[in-house]
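# Structural description and commentary
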Amino acid sequence: MNELAIGTEGLAKSYGSVRAVNGINLSVPGGAIYGFLGRNGAGKTTTIKMLLGLIRPTAGSGRVLGMDIRSHNIAILQRTAFVSEKKTLYPSLTPSDLVRFSRGFYPTWSDGAVEKYARLFEIPMKQKFEKLSNGNQTKVFLLLALSQGADLLILDEPTTALDPVSVDQLLHVLAEDALDRGCTVFFSSHQLEEVEQIAEYAGIIDHGKLVMECRLDDIKSEFRLITAAGNSLPAQISSQVLSVDVEGNFCRYVVTKDAEGFAAGLSRNGATITNIVPLSLREIFLELVRKEQSCTSGNVGATPVRLP
Amino acid sequence: MYFWKCWRDTRSFALVFLVIAAAAMPVTAVVGKGTNLQEGFGPSVFLSTFVLMLFVVALGLGTISAIQEFTDKTSHFLFTKPRPRPYFVWAGWVVGCLEFLTIAFVNLFAGWLTLAHYSKNPSWSVLRALFKEQDVVGVLIYTLFIYCLTYSMTIVLRNGLKGLGASMGITFGLQATQIALRMRWNINVPLPPLPIGSLPIIVSNIVWIVVALLIVFAAQLVVERSEI
């Protein structure tokens, strides 16, 4: 594994009594594409803002590209490109003006990349920003970020307002161009399919807590949903058990490794294993963050109580 | 590049007021003479025009120099550029201040030519008379103070209209307070550009300029600590 591009320890942000981010430990390997998932208000944008120095953490620490986020903010910004969730820029400037404006800030700026992505994304470079469609405004942000020659791309919901063709183009650019340059891509999204399509790693944040972080390949090969029935079933979360939902005599476990062994252990304790099924990222996301479970054969229509 | 952006944001305003500054004095003189509303274009008319012009320019430039950069919508873009936040605060201030001083100079120059044209005195004595008694310098210091205050308020409140309103509120509020204190308790509180106590006029002027810069510095501290 490469050196971490982003690493946080107990990073937290509170607004009064509200804990927007509650001590998260992120590990984003250098050169990887990392999908940062969560519901609206889960804490994704707050986390990103702390990494970029836009807001100050209440507690914890973080390093971006090996530099402390509290003391090396300018050096971090020099090597980091950022696309905000708010895709608003100066209304009277054209994309060409914005390129001119941004170029001077970055020694690694590439005019070749500007031409390439302007053509690829079909951006009208002479039209005022306010006159551009929402999709084109988003593309201008992406153009500026991609042309910066950054070592780290932080994209906060980058595909908002993009049409499917543009989304496909962007994912293609991220998966090939960015990685070819050894650039790390950290992007937040609600679109699980996009993350599954290009990301190598994924983290899921819910209510300010990082509830899962893993390689996507591990999800396919190792993660399993085990449904068991029996009395006094174990209900503890561990390094092996990502989540447990209990309802009466039924229990649903999301197991991260050695599912067969875990199921065998349950059986030895008198449980009846009703199902062991592989999980997609989408299913894991729903298992971890939803409040009311849907009625499936696995949970037999129960409304389980989430354990802490 | 950021200086270019600041100039680009304010140039329309600056150029329009540059033209107005050049035309205001002769137009005032011609109109005044034509309508017989005043006896002639003398120093008092010149100073009234000068202070009105610079007051409007100070409020306008103070607002538009910062109106876009520090709003909620675009500040995340600006503040993720690899420069310390004070750089953005002072770059915008410097560009606006240069424009302000250019307009002031053009207005002053046009006023001098107009005064010289309508005066029986030689031109240089007219200019000397303008600077005597602190008149021109006082107007410059007062309006520079207004510019710094408006710019700072716009930055701190991150909204042009609110900044403008707050600046005008503070300006008129201070003057009202000063009058009230003098009339009620006979306390004299100096406001720019009035002399401070028994200090020599040049020292008072320097103090007022420093106070104006301190207001911008205070705004810078707020911007540095603000969360985006």
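Computed from a predicted model, the values in this text were never measured in an experiment.

This paragraph deals with the overall build of chain A. When its secondary structure is counted, chain A shows ten helices and 16 strands. A compact globule built from 308 residues would reach a C-alpha radius of gyration of about 19 Å, and chain A, at 22 Å, matches this within 12%. Taken over 308 residues, chain A has a buried fraction of 44%. Of all intrachain contacts in chain A linking residues separated by at least 6 positions in sequence, the fraction that spans at least 24 positions is 70%.

Let us look at the domain arrangement of chain A. Residue and element names in this part refer to chain A. Taken domain by domain, chain A holds domain 1 (4-216) and domain 2 (222-306). One C-alpha centre belongs to domain 1, the other to domain 2; they are set 34 Å apart. With eleven residues of domain 1 at the contact, the number on the domain 2 side is seven residues. Where the side of domain 1 that touches domain 2 is concerned, the elements lending two or more residues are helix 7 (192-198), strand 10 (201-206) and strand 11 (209-215). Residue classes in the side of domain 1 that touches domain 2 are distributed as eight nonpolar, no polar and three charged.

Below, the discussion takes up helix 10 (residues 281-289) of chain A. In an α-helix, one turn spans 3.6 residues; hence positions three or four apart end up facing the same way. Among all positions of helix 10 of chain A, only L281, I284, F285 and E287 of chain A are buried. For helix 10 of chain A, the angular spread of buried residues about the axis comes to 165°, placing them on one side.

Before going further, it helps to examine the packing of helix 2 (residues 43-64) of chain B against helix 4 (residues 85-118) of chain B. Residues and elements named next belong to chain B. Put simply, helix 2 and helix 4 touch, their axes get as near as 10 Å, and they point 165° apart. Classed by the angle they form, the pair helix 2 and helix 4 counts as roughly antiparallel. Between helix 2 and helix 4 lies a crossing whose hand is right-handed. Touching F46, T49, F50, M53, L54, V57, A58, L61 and G62 of helix 2 are G96, E99, F100, I103, A104, N107, L108, G111 and L115, all from helix 4. Of the residues that constitute the contact of helix 2 with helix 4, the class distribution is twelve nonpolar, five polar and one charged.

This next bit is on the confidence of the model for chain B. Residue and element names in this part refer to chain B. For chain B, the mean per-residue pLDDT works out to 87, and 93% of the residues sit at or above 70. For chain B, the element scoring lowest by mean pLDDT is helix 5 (residues 123-131), at 72; helix 8 (residues 201-225) scores highest, at 93. Taken together, the chains of this predicted complex give a pTM of 0.84 and an interface ipTM of 0.81.

This brings us to the pairing of strand 4 (residues 33-38) of chain A. All names here are of chain A. Buried residues dominate strand 4, accounting for six of its six residues. Burial along strand 4 is two-sided: I33, G35 and L37 and Y34, F36 and G38, pointing in opposite directions, are all buried. Judged from the five bridges that link them, strand 4 and strand 9 (residues 184-189) form a sheet pairing that is parallel. Within the sheet, the bridge partner assigned to I33 lies in strand 9 and is V185. The pairing of strand 4 with strand 10 spans five bridges and is parallel. Across the sheet, G35 pairs through a bridge with A202, a residue of strand 10.

A few words now on the sheet that holds strand 8 (residues 152-156) of chain A. Residue and element names in this part refer to chain A. If you walk across this open sheet you meet the six strands as 7-8-9-4-10-11, and the pairing is mixed. Each end of this open sheet is capped by a strand with a single partner; those strands are strand 7 (80-83) and strand 11. Within this sheet the neighbouring strands show an average axis-to-axis angle of 15°, counted without direction. One ladder, built from five bridges, connects strand 8 with strand 9; its direction is parallel. Bridge assignment links I154 to a residue of strand 9, and that residue is F186. On top of the sheet, helix 5 (residues 134-146) reaches strand 7 and strand 8; it is set at about 175° to strand 7, its chief contact. Each of strand 4, strand 10 and strand 11 touches helix 10; the most contacted strand, strand 10, lies at about 20° to it.

A few words now on the packing of helix 4 of chain B against helix 8 of chain B. All names here are of chain B. Following both chains from N to C, one finds helix 4 and helix 8 inclined at 145°, their axes separated by 9 Å at the closest point. Seen from above, helix 4 lies across helix 8 with right-handed handedness. Between helix 4 and helix 8, the residues in contact are R85, P86, V89 and W93 and V216, A219, Q220, V223 and E224, respectively.

Moving on, we come to the interface of chain B and chain A. Across the boundary between the two partners, chain B contributes 15 residues, which contact 19 residues of chain A. Of the residues belonging to the side of chain B that touches chain A, the class tally is six nonpolar, four polar and five charged.

Residue and element names in this part refer to chain A. Its place among the elements puts F121 in helix 4 (residues 111-121). Looking at F121, the number of C-beta atoms within 10 Å reads 22, which means it is buried. On a C-alpha basis, the gap between F121 and G135 in space is 9.9 Å, while along the polypeptide they are 14 residues apart. Every residue in contact with F121, bar those within four places of it in the chain, is listed here: K139, L142, L143, S166 and Q169.

A few words on the environment of L171 of chain A. Residues and elements named next belong to chain A. Among the structural elements, L171 can be located in helix 6 (residues 164-180). You can call L171 buried: it has 21 C-beta atoms within 10 Å. Spatially, the C-alpha atoms of L171 and E194 are 7.5 Å apart, while their sequence positions differ by 23 residues. Among all residues touching L171, those that are not within four sequence positions of it are E194, Q197 and I198.

On to unusual backbone geometry, then. Its identity as a non-glycine residue notwithstanding, D258 of chain A has a phi of 50°, on the positive side. Looking at the secondary structure, you find D258 of chain A in the loop between strand 14 (250-255) and helix 9 (259-268). Residue R158 of chain B is not a glycine yet carries a positive backbone phi of 55°. Here R158 of chain B is to be found in the loop between helix 6 (135-157) and helix 7 (160-185).

Turning our eyes to something else, we now look at helix 8 of chain B. Residue and element names in this part refer to chain B. With 25 residues, helix 8 ought to run about 36 Å at 1.5 Å a step, and its terminal C-alpha atoms sit 36 Å apart, in line with that. For helix 8, the set of buried residues is S204, N205, W208, A212, V216, A219, Q220 and V223. Residues of helix 8 that are buried in the fold lie against helix 4 and helix 6.

Conventions used here
- Residues numbered from 1 in each chain as written.
- Chains lettered and ligands numbered in written order.
- Predicted model: local features only at pLDDT ≥ 70, side-chain atom pairs only at ≥ 80, totals over all residues.
- Helix = DSSP H or I, 4+ residues; strand = E, 2+ residues; numbered from the N terminus.
- Rg over C-alpha atoms; globule rule 2.2 N^0.38 Å.
- Buried ≥ 20, exposed ≤ 12 C-beta atoms within 10 Å, placed from the backbone.
- Contact = placed C-beta atoms within 7 Å.
- Domains from an automatic or database assignment.
- Nonpolar A, V, L, I, M, F, W, Y, C, P; charged D, E, K, R; others polar.
- Arc of directions from axis to C-beta.
- Axes fitted to C-alpha atoms, helices over the stretch in contact; angles between N-to-C directions.
- Parallel < 35°, antiparallel > 145°, perpendicular 65-115°, else oblique.
- Left-handed = near helix turned anticlockwise from the far one by under 90°.
- pLDDT = per-residue confidence, 0-100.
- Pairing = 2+ DSSP bridges.
- Expected span 1.5 Å × (residues − 1).

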